[in-house]
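A structural walkthrough
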Amino acid sequence: MEKDAKIFIAGRYGLVGSAIERALRRAGYAKIVGLPHAELELTVQAEVETYFKIEKPQYVFLAAAKVGGIYANNTYPAEFIYSNLEIQNNIIHACYQFHVKKLMFLGSACIYPKFSQQPISEDELLNGKLEPTNEPYAIAKIAGITMCQSYNRQYGTNFISVMPTNLYGLNDNYHPENSHVIPGLIRRFHEAKTRNLSEVVVWGTGAPKREFLFSEDLGDACVFVMQHYSGNEIINIGCGSEISIKELIELIKKTVGYEGEIRFDDSKPDGMPRRLLDVSKLHALGWQHKTRLEDGLNIAYQDFLKKYKAA
């Protein structure tokens, strides 16, 4: 990417988009565009096409998506598949229509089958059944990958796809019902602490294992891959290490300073039993993460406190 190129970040103000913008600015890119949801509705094709016609971006990061944890995925499956398909279709096609030099589509680790070989290599895609709790979201993301590959094959575009692992960090969504696991737990433990609650109830058994990547590391990885990779193969982005949900909960409890008890509600779903990405392709390109989970959680909690007080 040329340093004076105009770069559009779809989802610029979310967890992922804002991390990509900070990484771009650290790398010397200044011409970054993107509007908040209230000013640009990405599910409306006409609005997207008008925006591309006016701004004429040369590079695009497609980080916009309707996202959430197990509860949100279970509660709003139709919204998850419909909204994400619309966003992807509109932006990917606009990139083709308006001759964007390169597009990065951000998928998700949930595209892989529930019982994938661990760690999960990129070759596991479509090798088995998906985890039912996030199947609509995963299918939308798989469609986005296939769309990028298809446009490359038919039109000679340069559209690449990366699959981030579970994320957390600056500018996260701390909604009590629709957030992902780390921001959701940070909020619950903080509120339990401030209200002097004797226990916190968490979904599932705590047995599943997950990999977590700090948002600033993701932003750096996305910029690095955009600069150094072109091709139809997808690239996993992760840290290459995992932790059980039970261990994670204890770590967040310590970070927040909550001193009560934890009770696991095993009547609620666990999701995939294990999800660790094989990041050997990413490492071979020359990128590795920098932030330890403990350090990232401390930064995330301080970010939460700023948002919580402001609300």
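Each value, and the rule that gives it
- Note that residues are indexed from 1 along each chain, following the sequence as it is written.
- Under the rules for a predicted model, residues below a pLDDT of 70 receive no local features and side-chain atom pairs below 80 are neither given nor counted, while totals for whole chains, interfaces and linings still include all residues.
- Side-chain metrics rest on all non-hydrogen atoms present in the structure, leaving aside hydrogens and water.
- UniProt positions are given in the numbering used here, feature names are shortened, and annotations may be inferred rather than shown by experiment.
- What makes a salt bridge here is a side-chain nitrogen of Lys or Arg within 4 Å of a carboxyl oxygen of Asp or Glu, nothing more.
- Numbering of helices and strands starts at the N terminus; helices are DSSP runs of H or I of at least 4 residues and strands are runs of E of at least 2.
- Whether two aromatic rings pair depends on their centres lying within 6.5 Å, for rings of Phe, Tyr and Trp, where Trp uses its six-membered ring; planes under 30 degrees apart make the pair stacked, over 60 edge-to-face, and the rest tilted.
- To sort residues, take the accessible area from a 1.4 Å probe on protein chains only and compare it with the maximum for the residue type: under 20% means buried, over 50% means exposed, and anything in between is partly exposed.
- Two limits define a charge over a ring: the Lys NZ or Arg CZ must be within 6 Å of the ring centre, and within 35 degrees of the ring normal.

An unreviewed UniProt entry annotates the chain as GDP-L-fucose synthase of Vecturithrix granuli. Of the comments in the UniProt record for the chain, the one headed Pathway (unreviewed entry) reads "Nucleotide-sugar biosynthesis; GDP-L-fucose biosynthesis via de novo pathway; GDP-L-fucose from GDP-alpha-D-mannose: step 2/2." Comment text from UniProt for the chain, heading Sequence similarities (unreviewed entry), reads "Belongs to the NAD(P)-dependent epimerase/dehydratase family. Fucose synthase subfamily."

With that settled, consider the pattern of salt bridges. Throughout the structure, instances matching the rule amount to 16 salt bridges. The salt bridge partner of Glu131 is Lys114, with a shortest N-O separation of 3.4 Å. Pair noted here: Glu131 is in the loop between strand S4 (102-106) and helix H5 (135-155) and Lys114 is in the loop between S4 and H5, with a separation of 17 residues, a long-range link. One salt bridge in this structure joins Asp265 and Lys268, with 3.2 Å as the shortest N-O distance.

Let us look at the packing of aromatic side chains. One pass over the full model with this rule turns up 13 aromatic pairs. The interplanar angle of 80° and the centroid separation of 6.1 Å between the aromatic rings of Phe80 and Tyr137 together place this pair among those described as edge-to-face. Residue Phe80 is located in helix H4 (residues 77-97), and its partner Tyr137 is located in helix H5; the two are separated by 57 residues in the primary sequence. In this structure Phe80 comes out as buried when scored by relative accessible area, which is 2%. In textbook terms, an aromatic cluster arises when at least three aromatic residues are bridged by ring pairs, as seen for Phe8, Tyr51, Phe52 and Phe98. Between the NZ or CZ atom of Lys3 and the centre of the ring of Tyr29, over which it lies, the distance is 5.3 Å.

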